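Secondary and tertiary structure notes
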Amino acid sequence: MSTQYIPRQPKAFRRRRFLIGSLLLAGILLFFFFPWEIPFSLKDANISRASIARLAKLKEVPVGEIYGLLHLVTGDNEQEHVLSNAVQLDPTKPIDLAFYAAGENSLDWQRERQRLDEEYPIVVFSKTYCGFSRRAKELLASYELQPPPKIVEVDIRDDGNVIKQLLTRLTKHSTFPNIILRGNSIGGYHNIQDLHARKSLRKLLEDAGALSLSNAGK
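Just so we're clear, the structure is a prediction, and the values are computed from it rather than from any experiment.

**Here we look at the confidence of the model for the protein**
Taken over all residues, the pLDDT of the protein has a mean of 82, while the share at 70 or more is 70%. A low-confidence stretch, residues 36–47 stays under pLDDT 50, and its non-local contacts, those more than four residues away or across chains, total 12 contacts.

Have a look at this one:
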């Protein structure tokens, strides 16, 4: 009975394969189980292992339409209310992000979401005559936040009714104020007052990227 001859791999090939496998294993162990720091020359860029992981995670998540609205209202000079001129717009149905960018198809929405989260971590949709809106703004002001909340006074905009319908669909919160934290609604005045009373609001705001300079909520 004959046996099939199986040629043996050269020793040099086996050594190379073992070396590559060892290097890969060492790299994985170093990254996940040993502390490391970004080089000093890059620290000014505000890069960390946590931020790298966060950015990687963000890349996997589609940008929600709420960021289109935030892009619009934070860049609006209160004189160019794009939504008021959109005759064919139906705010009760999903709207393409390109509309909020006024047709700027080259806008990188992943980067824009990151920018909005960093520059405007708190956006308050308010009404100037609303008592609950006034109390919410006063409570947030007591925290002396940096960056401060972006206040959007919906009632002085001629597209206010459209914004109200958009917020109702996108956040499931139809009244004012509507407080948006990094793209997510945390409700209105009673919600943040309850968090404040339980001494949870400060941490929530700071976790979102707004540093409190006062002793409020401690």
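Here the narrative resumes.
**Side note on the packing of helix H6 (residues 131–141) against helix H8 (residues 189–197)**
In contact at an axis separation of 9 Å, H6 and H8 are set at 35° when each is read in the N-to-C sense. Crossing geometry of H6 relative to H8 is assigned as left-handed. On H8, the residues touching Phe132, Arg135, Ala136, Leu139 and Leu140 of H6 are Tyr189, His190, Ile192, Gln193 and His196. A per-class count over the contact of H6 with H8 returns 6 nonpolar, 3 polar and 1 charged.

**Considerations on the pattern of salt bridges**
Evaluated as defined, the whole model comprises 10 salt bridges. A salt bridge links Arg157 to Asp159; its shortest N-O distance comes to 2.9 Å. Counted as one network, the salt bridges with shared partners bring together Glu112, Arg115 and Glu119.

**Considerations on the packing of aromatic side chains**
All chains considered together, the criterion is met by 2 aromatic pairs. Ring centres of Phe99 and Tyr100 lie 5.9 Å apart, and the angle between their planes is 80°; on these two criteria the pair is classed as edge-to-face.

**Thoughts on helix H7 (residues 160–171)**
Counted at 1.5 Å a residue, the expected span for H7 with its 12 residues is 16 Å, and the 16 Å between its end C-alpha atoms agrees. What H7 keeps buried is the set Gly160, Val162, Ile163, Leu166, Leu167, Arg169 and Thr171. Trailing H7 by a residue or two, Lys172 shows a phi angle of about 60°, which is positive.

Conventions we followed
Residue numbers run consecutively from 1 along every chain, following the written order of its sequence. Totals for whole chains, interfaces and linings use every residue, but because this is a predicted model, local features are given only for residues with pLDDT of at least 70 and side-chain atom pairs only at 80 or more, for both listing and counting. Here the side-chain values reflect all heavy atoms present in the structure, with hydrogen atoms and water set aside. Confidence of the predictor at the level of single residues is given by pLDDT, which spans 0 to 100. Contact between two residues is taken to exist if any of their heavy atoms lie within 4.5 Å; hydrogens are not considered. Here the axes come from fitting lines to C-alpha atoms, over the contacting stretch only for helices, and the angles between their N-to-C directions go from 0 to 180 degrees. Secondary structure is summarised from DSSP: a helix means a run of H or I of at least four residues, a strand means a run of E of at least two, and numbering begins at the N terminus for each. Should the near helix be turned counterclockwise from the far one by less than a right angle, the crossing is left-handed, whereas a clockwise turn marks it as right-handed. When residue character is reported, Ala, Val, Leu, Ile, Met, Phe, Trp, Tyr, Cys and Pro are called nonpolar, Asp, Glu, Lys and Arg charged, and the others, Gly included, polar. What makes a salt bridge here is a side-chain nitrogen of Lys or Arg within 4 Å of a carboxyl oxygen of Asp or Glu, nothing more. Pairs were defined over the aromatic rings of Phe, Tyr and Trp, the Trp ring being its six-membered one, requiring ring centres within 6.5 Å. Orientation was assigned from the angle between planes: stacked under 30 degrees, edge-to-face over 60, tilted for the rest. How far a helix is expected to stretch is found by multiplying one less than its residue total by 1.5 Å. Exposure categories follow from relative accessible area, calculated using a 1.4 Å probe and restricted to protein chains: below 20% of the type maximum is buried, above 50% is exposed, and the middle band is partly exposed.

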